[in-house]
Amino acid sequence: METWKKNLWILWFGCFIVSSSFSMVIPFLSLFLIQLGVSSHLELWSGILFSSAFLAGAISSPFWGAVSDKYGRKPMIIRAGIVLFVIYILMAFVTNEYQLLALRILQGLLSGFIPGSIALVGTNTPEKKVGYALSMMSTATATGGIMGPMLGGVLSRIFDNRIAFASAGVLCLIATILIIFWVKEDKFVPSKDSTSIIKTFGIAIHNRTLLAVLLLTMFTQFSVMTIEPVLSLYVVELGFDAKNASLVAGFAFSLVGVASILFAPRWGKYADKVGFQKILLIGLFAGGIGTLLQIPFQNIYWFSGIRFLYGCFFCAVFPALNGLVVRSTEPDFRGRAFSLNQTANQVGGMLGPLVGGAISGVWGIHTVFGVTGILLLATMCLGFWTQRASKPGSSASAS
């Protein structure tokens, strides 16, 4: 097997494991807090634990990206994998919420497994196969996001939440060992720049295409995450009780992931032929229309069908954004570029649920779907405008 294909499949498995480990413990943090004896401000603590890792990751990602450009992406992936193993194992032994919060912050500060893997694949894959490879990597996180809650729920039901944490750690260690022995980074050119975060931002600001991609990533993630806090409540409005709403909402979420697994590789191959920019605009347009179409359907079956169709098209967006990161940067800046993209993603992921929850509380849940659809269409317009405003090739040289 060619080296790039071997790297792709091993890193696919690694990202699948890391995504699974993340999603198999995060949904159960609230229940774990109860197990630790937290009885007051439970919702507040859940929100703090959820957002703390994202905030810490948004701050530290540019630094780790600079280090990966200087010393290699593979060492950074291995570092992040070992860190995840240690942190998940330690989470299995915490005795209070403050210890858990400290570990969540460390997890965010020392993260970087998935961005590093994407950067390595984007740099070590033949130019004509980049779209396909990046789309395959997106299916890894989608599949992990589907399987993780199921596996975590089974482990928590049979054993307890501590076993789920420990199992997540062991899985991350297995993925890291595979990468140590079988992933090869052939096309690494060490950057001569310093690891200064200020300099990293300075280079990005002067790269107009990359800056546009970062803005598009933030706005896209922000738009999508506005629905996160209200989907379960919307299912309740469709006639399900609170006990069954979580199951039905989980099914509605998983349909988007299933669609991504089925169609993302197809979009990736198409992007290699027609370009990432066109695929991005198609995905954003269909995502916006698909979100708006979810408003009038008051039947869970129609609603689920629209969610699946939405996923069939929207799964093209983030691989296209990753592809544009590759196309708009030089190889010795690519680790920092993907880390900046991760920061933009996490900022959007933090702000989206806050805005979505606020809109739902004031104007109702249907308004959130309307706002999200309009935001995705506005993001498409921004992408079209940046395509017209930037000259091909000029941004790459600026980096």
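Residues numbered from 1 in each chain as written. Predicted model: local features only at pLDDT ≥ 70, side-chain atom pairs only at ≥ 80, totals over all residues. Heavy atoms only, no water.

Asks: Teacher, can you tell me more about the overall build of the protein chain here?
Replies: Within the protein chain one finds 18 helices and 0 strands. Against the 2.2 N^0.38 benchmark of 21 Å for 399 residues, the protein chain shows a C-alpha radius of gyration of 20 Å, consistent with a compact globule. Counting across all 399 residues of the protein chain, residues that qualify as buried make up 54%. Of the roughly 17,500 Å² of accessible surface on the protein chain, 71% is carried by carbon and sulfur atoms. (Helix = DSSP H or I, 4+ residues; strand = E, 2+ residues; numbered from the N terminus. Rg over C-alpha atoms; globule rule 2.2 N^0.38 Å. Buried < 20%, exposed > 50% of the residue type's maximum accessible area, 1.4 Å probe, protein only. Areas by Shrake-Rupley, 256 points an atom, 1.4 Å probe, with all protein chains shown as cover.)

Asks: I'm lost on the packing of aromatic side chains in this one. Help?
Replies: Two measures describe an aromatic ring pair: the distance that separates the ring centres and the angle between the ring planes. Scanning the model with the defined rule gives 12 aromatic pairs in all. Each ring, one from tryptophan 45 and one from tyrosine 98, has its centre 5.3 Å from the other, and the planes form 85°; the classification is edge-to-face. Here tyrosine 98 lies in helix H5 (residues 97–109) and tryptophan 45 lies in helix H3 (residues 42–71), a separation of 53 residues in the sequence. You can call tyrosine 98 exposed: its relative accessible area is 55%. Ring geometry for tryptophan 267 and tyrosine 270: centres 6.4 Å apart, planes at 55°, overall tilted. Of this pair, tryptophan 267 and tyrosine 270 both sit in helix H12 (residues 242–274), separated by 3 residues, roughly a single helical turn. What links up through ring pairs into an aromatic cluster is the set Trp12, Phe13 and Phe16. Taking NZ or CZ as reference, arginine 79 lies 3.6 Å from the ring centre of tryptophan 64, over its face. Directly above the aromatic system of phenylalanine 263 lies the positively charged group of arginine 266, at a separation of 5.9 Å from the ring centroid. (Phe/Tyr/Trp six-rings, centres within 6.5 Å; stacked < 30°, edge-to-face > 60°. Lys NZ or Arg CZ within 6 Å of the ring centre and 35° of its normal.)

Asks: Looking at this structure, I do not really get helix H7 (residues 130–158). What am I missing?
Replies: Compared with the 42 Å implied by 1.5 Å per residue over 29 residues, the 42 Å span of H7 between its first and last C-alpha is a close match. Of all the bends in H7, the greatest, near 30°, is centred on methionine 147, and the proline proline 149 appears no more than four residues after it. (Expected span 1.5 Å × (residues − 1). Bend = angle between axes of the 7 residues up to and from the residue.)

Asks: For this particular structure, what's the right way to read the confidence of the model for the protein chain?
Replies: Low pLDDT marks stretches whose predicted atomic positions should not be read closely. Across the protein chain, pLDDT averages 85, with 91% of residues at or above 70. Of all secondary-structure elements in the protein chain, the lowest mean pLDDT belongs to helix H18 (residues 394–398), at 39, while helix H4 (residues 73–91) reaches the highest, 96. A low-confidence stretch, residues 392–399 stays under pLDDT 50, and its non-local contacts, those more than four residues away or across chains, total 17 contacts. (pLDDT = per-residue confidence, 0-100. Contact = heavy atoms within 4.5 Å.)

Asks: Just to check I follow, could you spell out a nonpolar patch on the surface for this structure?
Replies: Nonpolar side chains collect at one region of the surface, where Phe63, Ile197, Phe201, Ile205, Leu211, Leu215 and Phe219 lie side by side and expose about 560 Å² of accessible area between them. Among the elements of the structure, helix H9 (197–206) and helix H10 (208–225) are those that each provide at least two residues to the nonpolar patch. By the element assignment, isoleucine 205 lies in helix H9. (Patch = residues over 30% accessible without salt bridge, like charges linked within 9 Å, V, L, I, M, F, W, Y side chains within 5 Å. Salt bridge = Lys/Arg side-chain N within 4 Å of Asp/Glu carboxyl O.)

Asks: Help me understand the nonpolar core, please; the structure alone is not making it clear to me.
Replies: One broad rule of soluble globular proteins: the nonpolar side chains tend to lie buried together. With 47 residues, the main nonpolar core has Leu11, Tyr88, Leu100, Phe113, Phe165 and Ile179 as its most contacted residues. Per-element tally for this core: the top contributor is helix H1 (residues 3–25), with 11 residues. Those residues in contact with tyrosine 88 that lie beyond four places of it in its chain are Ser21, Phe22, Val25, Gln107, Phe165, Ala166, Ala168, Gly169 and Cys172. Formed by 37 residues, the second largest nonpolar core is a distinct cluster that contains Ala119, Ile203, Phe276 and Ala337. (Core = buried A, V, L, I, M, F, W, Y, C linked by side-chain atoms within 4.5 Å.)

Asks: When you look at the side chain of glutamate 185 in this model, what are you seeing that I'm missing?
Replies: Note that glutamate 185 resides in the loop between helix H8 (161–182) and H9. Within the structure, the side chain of glutamate 185 is placed 3.1 Å from the backbone nitrogen of lysine 74, a separation counted as a polar contact. If sequence neighbours within four positions are ignored, glutamate 185 has contacts with Gly72, Arg73, Lys74, Pro75, Leu120 and Asn124. (Polar contact = N/O pair within 3.5 Å; in protein donor to acceptor, adjacent residues only side chain to side chain.)

Asks: How do you make sense of H10 when you look at a structure like this?
Replies: In an α-helix, one turn spans 3.6 residues; hence positions three or four apart end up facing the same way. An ideal rise of 1.5 Å per residue puts 26 Å on 18 residues; H10 measures up with 26 Å between its terminal C-alpha atoms. The element H10 is extensively covered by neighbouring structure, given that 13 of its 18 residues are classed as buried.

Asks: How should a positive patch on the surface be read in this particular structure?
Replies: Positive charge collects at one region of the surface, where Lys129, Arg266, Lys269 and Lys273 lie side by side. Relative to the elements of secondary structure, arginine 266 occurs in helix H12. (Lys, Arg positive; Asp, Glu negative; His and termini not counted. Charge placed at Lys NZ, Arg CZ, Asp CG, Glu CD.)

Asks: Explanation requested: the side chain of arginine 104 in the structure shown.
Replies: Structurally, arginine 104 can be placed in helix H5. A relative accessible area of 1% places arginine 104 in the buried class. With near-sequence residues (within four places) excluded, arginine 104 lies in contact with Phe22, Ile26, Leu29, Leu49, Phe50, Ser52, Ala53 and Met91.

Asks: Can you walk me through the pattern of salt bridges in this structure?
Replies: When the charged atoms of two side chains lie near each other, side chains of opposite charge can form a pair. According to the stated counting rule, one finds 5 salt bridges in the structure shown. Residue glutamate 2 pairs with lysine 5 through a salt bridge whose shortest N-O separation is 3.8 Å. Residue glutamate 2 is classed as partly exposed on the basis of its relative accessible area, which comes to 46%. Using a relative accessible area of 34% as the deciding quantity, one classes lysine 5 as partly exposed.

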